[in-house]
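# What the coordinates show
Residue strings, one per chain:
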Amino acid sequence: CPNINQLFNKTFVQMHIIRRIKYYHLPCQQHSLNLSCFYDDLYLCFCYNLEKQRLANCFEFNHNMTFDCFGESVCENGGQCFQDSPICPQRSSCICQPCFYGIRCQFSSDKFGFSLDGILGYYIQPNIDVVHQSSMVKISLTLTIVFITIGYINGILSFITFNNKKICEVGCGLYLLTSSITTLLTTTIFGLKFSILLLGQMKIITNRLFLYIQCLSIDFLLRVFLNMDQWLNACIAVERAVVTINAIGFQKKR
């Protein structure tokens, strides 16, 4: 909403409010549908259609109002908190900044990132057990169990295979052994992430400090181990490329 300084000249703006407010219909009529609202230092005005006229509906508005629910805001990431009543409020809601969403504006869609919270968070209903959750949650839980099982089997078998002194004499063997360890760690952390998300959204885990710490730590560790695994695979590819190009084997004495 533009300020009246952008709609009227300086002389008009300096007029007393009683004299100038009767002309507040003019911007709505002159700018037609391009203007929906405007404000001055005391009023906030909305343009609306009445029969064949476009008029302004103005009401007093406190521009210095802080939207923090009297210091009890639970909104995150700069979200504004609104209550249903200034006295003994029963409910509150959050208006989120761009690129944030969720009941408390806790989810981010910035940089087109797809997080587990953002994909599944909205489907998990609070205070409802898993059996009565939506099909999306049940399918996600089933797939997660399958992925974790496959991940553990793959990681354990890889660790057993590459945990051999002869294989580890070359760099490629060490990379593969380390990759199997990071696979196990990544699978474990992913399982914890999914479990905490599910229990947190179902209101079984309500400790905000714990949820905040796990949000920072588990997400960070998950990214670290995923990146480590990618770097290890890159090292394996580079070593194999070097061996192929040089057409020689590694010497132990080196």
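Rules used in this analysis
Residues numbered from 1 in each chain as written. Predicted model: local features only at pLDDT ≥ 70, side-chain atom pairs only at ≥ 80, totals over all residues. Heavy atoms only, no water. Helix = DSSP H or I, 4+ residues; strand = E, 2+ residues; numbered from the N terminus. Contact = heavy atoms within 4.5 Å. Phe/Tyr/Trp six-rings, centres within 6.5 Å; stacked < 30°, edge-to-face > 60°. Buried < 20%, exposed > 50% of the residue type's maximum accessible area, 1.4 Å probe, protein only. Core = buried A, V, L, I, M, F, W, Y, C linked by side-chain atoms within 4.5 Å. UniProt positions renumbered as here; feature names shortened; annotations may be inferred. Disulfide = S-S within 2.5 Å.

The protein is annotated in an unreviewed UniProt entry as EGF-like domain-containing protein of Rotaria sordida.

Once that is clear, we can look at the side chain of D219. Of note, D219 is situated in helix α7 (residues 208–246). Apart from residues no more than four positions distant in its own chain, D219 is found in contact with K193 and Q214.

Per the stated rule, a full pass over the model turns up five aromatic pairs. Here the aromatic rings of F8 and F12 are separated by 4.1 Å at their centres, their planes lie at 25°, and the arrangement is stacked. Each member of the pair F8 and F12 is classed as buried. Aromatic pair Y24 and F38: ring centres 5.5 Å apart, planes at 80°, arrangement edge-to-face. With Y24 in the loop between α2 (17–20) and α3 (25–30) and F38 in strand β1 (residues 37–39), this residue pair connects regions lying 14 residues apart in the sequence. In this structure, Y24 and F38 share a single accessibility class: buried.

Here we come to the nonpolar core. One finds I4, F8, Y24, C28, F38, C45 and C47 to be the most contacted residues of the largest nonpolar core, which totals 13 residues. For this core, the secondary structure elements donating two or more residues are α1 (10–13) and β2 (43–50). Among the elements that make up this core, the one with the highest residue count is β2 (three residues). Setting aside anything within four residues of it in sequence, one finds Y24 in contact with I4, F8, F12, I17, F38, D40, C45, A56 and C58.

To continue, consider the UniProt feature "transmembrane region" (unreviewed entry) in the protein. The UniProt record annotates "transmembrane region" (unreviewed entry) at residues 141–162 and 174–197. Secondary structure within residues 141–162 divides into 100% helix and 0% strand; the distance between the first and last C-alpha atoms comes to 31 Å. The span residues 174–197 carries 100% helix and 0% strand; its end-to-end C-alpha distance comes to 34 Å.

Scanning the model with the defined rule gives three disulfides in all. There is a disulfide in this structure between C28 and C47, and the S-S distance comes to 2.0 Å. Looking along the S-S bond of the C28-C47 disulfide, the torsion reads about -75°, which is the left-handed sense. Here C28, found in helix α3, pairs with C47, found in strand β2; they are 19 residues apart in sequence, far enough to count as distant. Classification of C28 by relative accessible area gives buried; the value is 0%. Since its relative accessible area comes to 12%, C47 is described here as buried. Between the sulfur atoms of C45 and its disulfide partner C58 the distance amounts to 1.9 Å. For the disulfide bridge between C45 and C58, the dihedral angle about the S-S bond is near 110°, and by the sign convention the bridge is right-handed. Within this pair, whereas C45 is found in strand β2, its partner C58 is found in strand β3 (residues 53–60), the two being separated by 13 residues in sequence. On the accessibility criterion, C58 (24% relative accessible area) is partly exposed.

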